[in-house]
Amino acid sequence: MDSSRRDFLKAGALGGAALSFFGFDLTPAFAQLQELKIARAQETRSLCPYCAVGCGVLIYTIGDNAKNVTPQVIHVEGDPDHPTNRGTLCPKGSSLHQDILNPRRLLKPQVRRPGSDHWEDIAWDQALDEIARRIKKTRDDTFVEKDAQGRTANRCEGFAWIGGCTDTNEFNYLVVKTMRSLGVAYIENQARV
């Protein structure tokens, strides 16, 4: 017997219609399946970090909150109560679970020294000290107090700042204030690029 894709779809539609006609309702089975998937898990509401939309997500973790136990993410889904996405997620948001558990995810600051062929782990304090030292040196070397016409400029042309759409309003406020206080003239946002 030769059957086509169209025949298969017709048979599936007829079978589904027959099941619903005779009173079979799969909604409780799907609800039970969802409960089994996240049984004993702690639900945490969060936001997707990938774009400026700010979709709500529910992150389910297991772990007994003991000091020596790291909670393990077991499921991530869209938040149906969130007004922005109402439970839906785009493909990037749907991949949050894999991104959280990625074994290649960086957990420490790294630096690649000049002339080196590899990255090395460094401490957070060391990373912050090196960044601060380089910002100060760059600002001191490239600060423009007066422009070509002799007018006061007070700007630093040696570096720029680009903001990310996953940053909070508070973080962006502090960053812009910090960059302006350093005299940075080139401030941009990812949403415009």
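Our focus in this paragraph is the overall build of the chain. Along the backbone of the chain there are 6 helices and 9 strands. Split into buried and exposed, the 193 residues of the chain put 20% on the buried side. Within the structure as shown, the chain displays about 15200 Å² of accessible surface, and the carbon and sulfur contribution to it stands at 56%.

Here we come to the sheet that holds strand β3 (residues 72–78). Picture the strands of a sheet paired through backbone hydrogen bonds; they go either parallel or antiparallel. With antiparallel pairing, 3 strands are arranged side by side in an open sheet as β1-β2-β3. Of all strands in the sheet, those bounded by a partner on one side alone are β1 (42–47) and β3. Neighbour-to-neighbour, the strand axes of the sheet open up by a mean angle of 30°, direction not taken into account. As judged from the 6 bridges shared by β1 and strand β2 (residues 56–62), these two strands associate in the antiparallel manner. Each bridged residue has a counterpart across the sheet, and for S46 the counterpart in β2 is V57.

This paragraph deals with the environment of G87. Within the secondary structure, G87 sits in the loop between β3 and α3 (91–94). Discounting chain neighbours no more than four positions away, the residues touching G87 are G78, D79 and P80.

As defined by bridge partners, strand β6 (residues 143–146) adjoins strand β7 (residues 152–156) across 3 bridges and the pair is classed as antiparallel. By the bridge assignment for β7, F143 is matched with C156. Hairpin remark: β6 followed by β7, antiparallel, with 5 residues in the connecting loop; positive phi at G150, about 85°.

The next subject is the pattern of salt bridges. In a structure, side chains of opposite charge can pair up when their charged atoms sit close to one another. On inspection of all chains with the given rule, the structure shows 10 salt bridges. With a closest N to O distance of 3.5 Å, D121 and K108 form a salt bridge. Of this pair, D121 sits in strand β5 (residues 120–121) while K108 sits in the loop between α4 (96–100) and β4 (110–111); the two residues are 13 residues apart in sequence, bridging distant segments of the chain. Residue classification places D121 among the partly exposed positions, given a relative accessible area of 43%. A salt bridge links E157 to R155; the shortest N-O distance between them is 2.6 Å. Judged by its relative accessible area of 29%, R155 is partly exposed. It is possible to trace a salt-bridge network through shared partners that takes in E43, R45, D79 and D81.

Scoring rules and cut-offs
- Numbering of residues starts from 1 in every chain and runs along the sequence as written.
- In keeping with the model being predicted, local features are shown solely for residues with a pLDDT of at least 70 and side-chain atom pairs are shown and tallied solely at 80 or more, while totals for entire chains, interfaces and linings include all residues.
- Each side-chain value is derived from all of the structure's non-hydrogen atoms; neither hydrogens nor water enter the calculation.
- Working definition: helices are DSSP H or I runs of at least four residues, strands are E runs of at least two. Numbering for both runs from the N terminus.
- Categorising residues by exposure relies on relative accessible area from a 1.4 Å probe, with only protein chains included: less than 20% of the type maximum marks a residue as buried, more than 50% marks it as exposed, and the intermediate range marks it as partly exposed.
- Per-residue and other accessible areas were derived by the Shrake-Rupley procedure at a 1.4 Å probe size, with only the shown protein chains allowed to occlude residues.
- At least two DSSP bridges between two strands are needed for those strands to be called paired.
- Angles shown run from 0 to 180 degrees and are taken between the N-to-C directions of axes, each axis being a line fitted to C-alpha atoms and, for helices, limited to the stretch in contact.
- The contact definition used throughout considers only heavy atoms, calling two residues in contact when any of these lie within 4.5 Å.
- We define a salt bridge as a side-chain nitrogen of Lys or Arg found within 4 Å of a carboxyl oxygen belonging to Asp or Glu.

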